[in-house]
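Spelled out, the chains give:
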Amino acid sequence: MSLPQCPVERKPTSICIGAREIPSRYFLAPLAGYTQLAFRMAVRELGGLGLATTDLVQATMLLSGRRKSMDLIATTPADRPLSIQIFSGKPRELARAAKWLEDHGYEGVDINMGCPMAKVNGQGGGARLMCDTEDACRTVAGVVNGVQIPVTVKMRLGWDADRITAPALAREFEQLGIAAVTIHGRTRQQGFHGRASLDGIRAVVEAVEGIPVVGNGDVRTPADALRMRRETGCAAVAIGRGAMLDPWIFRRLALIESDEAGSTNADPSPEEQIDFLVRHFTLMEQQHAGYACILFRKFAGWYGARLGIPEDLEDRLRRFESAGEFSEIVEQIRARHGQRESATPTALVKTPNGPNALW
Ligand SMILES: Cc1cc2nc3c(=O)[nH]c(=O)nc-3n(C[C@H](O)[C@H](O)[C@H](O)COP(=O)(O)O)c2cc1C
């Protein structure tokens, strides 16, 4: 099956996914609960971000117009390019959800085949789909054949070390008309343990004929991203937790690619970082009004550690109840940031733990 081509000529820093030209090869990987509209927009405004993808959205819930699903697919014209990620163990629901998204003006659909959570796998969705090639192909074909917009798949290397199915599946999906595939270089059994395997990602790059493979896993710095591209041959890199740790990572990569790294790649000043915190909250408030105060609390620990916010202020960020109170706290942060030794808040994006059969 031949895919529609990009309408415009490619620049070396851009990449085509089906007929969509994406302006950067560095993408934001979905982190459910973190990478929603406000965070995406705050990061986009810093520059350098290519494609972003929403949190995974359950297909049936989306079709029934559930409030939570509508929040997850909320976007604005500036929040582009964007793909909506859907999951389901029911191929027909998945295809209907993709069509619904196309009919409502969304420009790309991503099928989740990597989620390790029991509640997703138990319904036959997420990484479970990787266990049965025929089933996975039927599911993908149903979605691809029902829409014109590019369909992509995000998956892991396979279910476990004995079932590394990603290379074979990627090859099959390419024949079915998938526009790109993202590979998180771990198996479902690994969960978030161990290191993402660059060899595993490279095996997928080598398995496909021409579609872009997007590498993913453990990229925390621009050097990690460049190494992933160099050692795997992947066409683009999706960054999840690394973008939480350093929302400037995309801008840094863009500067490196434009050879301006030396002059302007300085770390953001504390003021810029506080401005980012404020922008993040303001965007959240625009979408969620008063509820933003509650939603923002989960970011308190992250900002606290990153900015060296004194603990009493971090604690207030965890409990504030109004935009007015938020402004007061920010004023104090501006005056007192750096009074606490800042730590690298790697552990603050929680990953599931314990035996993964119980997740
Ligand atoms: C809290 C959290 C939520 C995630 N949510 C999603 C999701 O909704 N869809 C998805 O495909 N992957 C999801 N992932 C996986 C990430 O997209 C990514 O594949 C993984 O974290 C490895 O990349 P990283 O090291 O750059 O974070 C999630 C990961 C974490 C830690």
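Before reading on, note that the structure itself is shown above.
Residues numbered from 1 in each chain as written. Predicted model: local features only at pLDDT ≥ 70, side-chain atom pairs only at ≥ 80, totals over all residues. Heavy atoms only, no water.

Caption draft 1: Up close: the overall build of the chain. Within the chain one finds 17 helices and 10 strands. Against the compact-globule benchmark of 21 Å for 359 residues, the chain has a radius of gyration of 20 Å, which places it among compact chains. For the chain, the C-alpha atoms occupy an extent of roughly 60 × 45 × 40 Å along the three principal directions. Burial statistics for the chain: of 359 residues in total, 53% are counted as buried. Restricting the contact set of the chain to residue pairs at least 6 apart, pairs at least 24 apart contribute 68%. Carbon together with sulfur atoms contributes 50% to the accessible area of the chain, which is approximately 15,700 Å² in total. Charge-centre separation for the chain: the mean point of 43 positive side chains lies 4 Å from the mean point of 42 negative side chains. (Helix = DSSP H or I, 4+ residues; strand = E, 2+ residues; numbered from the N terminus. Rg over C-alpha atoms; globule rule 2.2 N^0.38 Å. Buried < 20%, exposed > 50% of the residue type's maximum accessible area, 1.4 Å probe, protein only. Contact = heavy atoms within 4.5 Å. Areas by Shrake-Rupley, 256 points an atom, 1.4 Å probe, with all protein chains shown as cover. Lys, Arg positive; Asp, Glu negative; His and termini not counted. Charge placed at Lys NZ, Arg CZ, Asp CG, Glu CD.)

Caption draft 2: The arrangement of the pairing of strand β6 (residues 109-113) in detail. Buried residues dominate β6, accounting for 5 of its 5 residues. Here strand β5 (residues 82-87) runs beside β6; their pairing, made up of 3 bridges, is parallel. Each residue of the ladder has a partner; that of Ile84, found in β6, is Val109. What joins β5 to β6 is helix α4 (residues 91-103), and the crossover it makes is right-handed. Note: β6 against strand β7 (residues 151-156), 5 bridges, orientation parallel. Of the residues in β7, the one forming a bridge with Asp110 is Thr152. (Pairing = 2+ DSSP bridges. Right-handed = clockwise from strand over helix to strand, strands pointing away.)

Caption draft 3: Representation of the packing of aromatic side chains. Within this structure, the stated rule accounts for 13 aromatic pairs. Measuring from centroid to centroid gives 5.7 Å for Tyr34 and Phe299, while their planes differ by 90°, and the two rings are edge-to-face. Placement of the pair is Tyr34 in the loop between β3 (26-28) and α1 (37-46) and Phe299 in the loop between α14 (292-296) and α15 (300-307), with a sequence separation of 265 residues. For Tyr34, a relative accessible area of 11% translates into the label buried. Here Phe296 and Phe320 contribute two aromatic rings whose centre-to-centre distance is 6.3 Å and whose plane-to-plane angle is 70°, an arrangement assigned as edge-to-face. With Phe296 in helix α14 and Phe320 in the loop between α16 (311-317) and α17 (323-336), this pair connects stretches of sequence that are 24 residues apart. (Phe/Tyr/Trp six-rings, centres within 6.5 Å; stacked < 30°, edge-to-face > 60°.)

Caption draft 4: Representation of the nonpolar core. In this structure, Met113, Met155, Phe173, Phe296 and Leu317 are the most contacted members of the largest nonpolar core, which totals 92 residues. Counting contributing residues per domain, this core is built from domain 1 (15-264) and domain 2 (270-336), each supplying no fewer than three. Those residues in contact with Leu317, other than ones at most four positions away along the chain, are Leu277, Phe296, Arg297, Ala300, Ile309, Phe326, Ile329 and Ile333. Ile15, Ile22, Phe27 and Ala238 belong to the second largest nonpolar core, which has 12 residues in total. (Core = buried A, V, L, I, M, F, W, Y, C linked by side-chain atoms within 4.5 Å. Domains from an automatic or database assignment.)

Caption draft 5: Region of interest: the site of the ligand. Close contacts around the ligand come from 21 residues, with Pro30, Gln85, Asn216, Asp218 and Arg241 the closest. Gln85 places a polar side-chain atom, nitrogen or oxygen, 2.7 Å from a nitrogen atom of the ligand. Between the ligand and Asn216 there is a distance of 2.5 Å, counted from an oxygen atom to a side-chain nitrogen or oxygen. Isolated, the ligand exposes 610 Å² of accessible area, and the fraction of that covered by the protein chains is 92%. Of the residues contributing to the shell around the ligand, the split by class is 8 nonpolar, 7 polar and 6 charged. (Near = heavy atom within 4 Å. Polar contact = N/O pair within 3.5 Å; in protein donor to acceptor, adjacent residues only side chain to side chain. Nonpolar A, V, L, I, M, F, W, Y, C, P; charged D, E, K, R; others polar.)

Caption draft 6: Seen up close, the pattern of salt bridges. On inspection of all chains with the given rule, the structure shows 29 salt bridges. Here Arg67 and Asp71 are joined by a salt bridge, their closest N and O atoms 3.8 Å apart. Remark: Asp71 and Arg67 occur in helix α3 (residues 67-72); sequence separation between them is 4 residues, near one turn of the helix. By relative accessible area, Arg67 is classed as exposed at 64%. Each of Arg186, Arg195, Asp218, Arg220 and Arg241 takes part in salt bridges that share partners, so that together they form one network. (Salt bridge = Lys/Arg side-chain N within 4 Å of Asp/Glu carboxyl O.)

Caption draft 7: Broad picture of the packing of helix α8 (residues 198-207) against helix α9 (residues 222-232). Relative orientation of the contacting elements α8 and α9 amounts to 50°, with a least axis distance of 9 Å. Classified by the interaxial angle, the pair formed by α8 and α9 is oblique. Where α8 crosses over α9, the two elements pack in a sense that is right-handed. When α8 is examined against α9, the residues Leu198, Ile201, Arg202 and Val205 are found in contact with a partner set consisting of Arg227, Met228, Glu231 and Thr232. (Axes fitted to C-alpha atoms, helices over the stretch in contact; angles between N-to-C directions. Parallel < 35°, antiparallel > 145°, perpendicular 65-115°, else oblique. Left-handed = near helix turned anticlockwise from the far one by under 90°.)

Caption draft 8: α15, seen in detail. The buried count for α15 comes to 8 of 8 residues, which makes it a mostly enclosed element. Among all positions in α15, only Ala300, Gly301, Trp302, Tyr303, Gly304, Ala305, Arg306 and Leu307 are buried. On its buried face, α15 is in contact with α10 (241-245), α13 (270-288), α14 and α16. Gly308 sits one or two positions beyond α15 and adopts a positive phi of about 65°.

Caption draft 9: The state of the cysteines, seen in detail. All told, the structure shown has 0 disulfides when counted by the stated rule. Just so you know, Cys115 is unpaired, no disulfide at all, and the nearest cysteine sulfur is the one on Cys131, 13 Å from it. With no disulfide partner, Cys234 has as its closest neighbouring cysteine sulfur the one in Cys16, 17 Å distant. (Disulfide = S-S within 2.5 Å.)

Caption draft 10: Looking closely at the environment of Thr182. As for its position among the elements, Thr182 is in strand β8 (residues 180-184). Aside from chain neighbours lying at most four places away, what touches Thr182 is Val153, Lys154, Met155, Val214, Asn216 and Ala238.

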